[in-house]
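Chain residues, written in single-letter form:
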Protein chains: 2
Amino acid sequence: MAILVVGSVAFDNLETPSGKRENVLGGAATHFSLAASFFTPVRVVGVVGEDFLPEHEAVLTSKGIDVAGIEHAAGKSFHWTGSYVENLNEAKTLATDLNVFGTFAPKIPDSYLDSEYLFLANIDPVLQLQVRKQLPKVKMVAGDTMNYWIADHRANLEKVLKELDVLLINDGEARMLAGEPNLLRAARKVMEMGPKALVVKHGEYGASAFFCDRSFADTTHITLPFRAPAMPLEEVVDPTGAGDSFAGGFYGYVASQPKLTPAVFRKAMFYGGVMGSFAVERFGTERLQHTTKDEVEERFRLFQEISHLELEA
Amino acid sequence: MAILVVGSVAFDNLETPSGKRENVLGGAATHFSLAASFFTPVRVVGVVGEDFLPEHEAVLTSKGIDVAGIEHAAGKSFHWTGSYVENLNEAKTLATDLNVFGTFAPKIPDSYLDSEYLFLANIDPVLQLQVRKQLPKVKMVAGDTMNYWIADHRANLEKVLKELDVLLINDGEARMLAGEPNLLRAARKVMEMGPKALVVKHGEYGASAFFCDRSFADTTHITLPFRAPAMPLEEVVDPTGAGDSFAGGFYGYVASQPKLTPAVFRKAMFYGGVMGSFAVERFGTERLQHTTKDEVEERFRLFQEISHLELEA
């Protein structure tokens, strides 16, 4: 089934230990869409400026991604400048130019209204909620957020959390949101705020899923947490979009399956890790643009291999 | 088969968010031995002072641990004072009183000379090497070290590394030893220094195993890395000894098996995580003293459950 994703489509200036790049296509919705497109149809809601050219649109449309919901506005696209030179595990934001994103008011094309899966990428919770309210019939809602919204836009964020089936954030965000250093206790507190499942991304150490004691979607109760591995990588060229690509792989797989069972959730965690591991191998969207479905399946098997207890000797 | 472990038997003063304890039995050899004793006979080589009473010895002997190699010297036992109040993931050393450990010269009892498995716990590499040389017939050698020896006793440590089949250290130590931030590349560099396998402990995120391209023990080549999960715990009372308990569970299981196969190595990683997860639930050795074999097997199954891809729905 199709996923509707709302979020940023942007250009990034990036500096990592592997080099520098300017005006690279990026944004949470872009990374998410590319990763999810390997599994299911994707529809994007976002806004771009006059610098978003046909060649950029083609990066999405060549993967079958529906761009009818990308509004073209006068001015420049959202632009982010970040550096990973000091720490490959944490982006240092050097500049954020919202440009056309500063007045973004998401509009849902009629052709998107039957979307059953909604992903609220990391944007202002007010916008996340606006989109949610325009899609009363969605079957499942997943979303992301970040420290900025947790710290300074808490009341709005709490309204979004009540709408979520699955929240995908990283360790630091989970601990900050709960005000609790212990991850298991933090996860419970976060789920009391609304999400029925919480996926916590641990960067190079994989990801954990936690489940509340209410059922959601077609799933009966899952109570045990789940740990998915990450692939030890020889070289991380650019971590930008790793989390969005994880979310895209995760949610894309979920949406591709007839029913959300515990096994589907677990496989989705693995596919999330797979897509995140591809994303960081090149700058921007470069690697995901050139990844094949065969490579995805091959890496999925590798993830299984490196974490499966019973290995044939 | 019996494991001979050489390392510290000590008393600790501990401060954690859960409280304070004084003169708690500790030391790397103590934690290692208790964890390994669930799987295989263990023989300890170490030194204690006059404050090491029959009640302390009974903690070890009640688990069948052979203490013939624990020398009783005049003076006080090794004493460590540490705090985890600021950061539960990293011990802050407040005081280290070597006492009788300062002049420790390991002596191997004749009854230990047939030991096939040797574990060199985290002590001066000079002592690790002395013990290794006294046991020319051991079948497998595993060991640990720490930042202090890596930084200031490198030449001696390098001699020890050449003797190791398996080195068990944490992320920071692996990166420091290799001078390389990327874990996969760091692992390769470390294995070039001697160890045929490297187990890197990630604390609450589990552990990774890396293998060189030479075979060791009865194992044919294993080349893929392996990721084992950790158990998300509600409460970590005292992290002291978690790494030693991991090593004890890991190596104890290895030594209990007729042959080191890839599957045995993987299960050993899980048992390491299991023993580490018990160790931190109470102060000092308290939890491991009162753990049953049934609890160990139950938690092993839980580790399998939380990381196994195919879950019965």
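The name given to chain A in an unreviewed UniProt entry is Sugar kinase, with Terriglobus albidus as the source organism.

Overlaying chain B on chain A yields an RMSD of 0.0 Å, the required transformation being a rotation through 180° with an accompanying axial translation of 0.0 Å. The relationship between the two copies is best expressed as a two-fold rotation axis. If distances are taken from each C-alpha of chain B to the rotation axis, the shortest is found for B:Y205, at 3.1 Å. The share of interface residues of chain B whose copies in chain A are also at the interface is 100%, consistent with both copies meeting through the same surface.

Right, let's talk about the sheet that holds strand β10 (residues 166-170) of chain B for a bit. All names here are of chain B. Spatial ordering of the open sheet is given by β5-β4-β1-β8-β9-β10-β11-β12-β13, a layout of nine strands whose pairing is mixed. Single-partner strands in this sheet number two, and they are β5 (66-72) and β13 (226-228). On average, each strand axis in the sheet is tilted by 15° relative to the strand beside it, whichever way the strands run. Relative to strand β12 (residues 207-211), strand β11 (residues 197-201) is paired through five bridges, and the arrangement is antiparallel. Note on β12: the bridge partner recorded for V199 is A209.

Time to look at the interface of chain B and chain A. Taken residue by residue, the interface counts 38 residues in chain B and 38 residues in chain A. It is B:Y205, B:R227 and B:L309 in chain B that bury the most area against chain A; as a group they hold 23% of the surface buried on that side. In this structure, the connection of chain B to chain A is made through four salt bridges. For the salt bridge of B:E204 with A:R175, the shortest nitrogen-to-oxygen distance reads 2.8 Å. In this structure, the connection of chain B to chain A is made through 21 residue pairs in polar contact (both at pLDDT 80 or more). Counting residues per element, the ones that place at least two in the side of chain B that touches chain A are α6 (171-178), α7 (183-192), β13, α9 (262-279) and α11 (293-307) of chain B.

This part covers the side chain of A:R227. Following the sequence through the fold, A:R227 ends up in strand β13 (residues 226-228). Not counting residues within four places of it along the chain, the set of residues in contact with A:R227 comprises A:L183, A:H202, A:A207, A:S208, B:E204, B:Y205, B:P229, B:A230, B:P232, B:I306 and B:S307.

Attention now goes to the packing of helix α3 (residues 125-134) of chain B against helix α5 (residues 154-161) of chain B. Residue and element names in this part refer to chain B. With their axes 8 Å apart at the nearest point, α3 and α5 run at an angle of 30° to one another. Considering their axes alone, α3 and α5 lie roughly parallel with respect to each other. Considering the relative orientation of α3 and α5, their crossing is left-handed. Seen from α3, the contacting residues are P125, V126, Q128 and L129; seen from α5, they are N156, L157, K159 and V160. Split into classes, the residues belonging to the contact of α3 with α5 amount to five nonpolar, two polar and one charged.

Here is what the cut-offs are and how they apply
Residues numbered from 1 in each chain as written. Chains lettered and ligands numbered in written order. Predicted model: local features only at pLDDT ≥ 70, side-chain atom pairs only at ≥ 80, totals over all residues. Heavy atoms only, no water. Least-squares fit on C-alpha atoms with pLDDT ≥ 70 in both. Contact = heavy atoms within 4.5 Å. Pairing = 2+ DSSP bridges. Helix = DSSP H or I, 4+ residues; strand = E, 2+ residues; numbered from the N terminus. Axes fitted to C-alpha atoms, helices over the stretch in contact; angles between N-to-C directions. Buried area = accessible area lost by both parts, 1.4 Å probe. Salt bridge = Lys/Arg side-chain N within 4 Å of Asp/Glu carboxyl O. Polar contact = N/O pair within 3.5 Å; in protein donor to acceptor, adjacent residues only side chain to side chain. Parallel < 35°, antiparallel > 145°, perpendicular 65-115°, else oblique. Left-handed = near helix turned anticlockwise from the far one by under 90°. Nonpolar A, V, L, I, M, F, W, Y, C, P; charged D, E, K, R; others polar.

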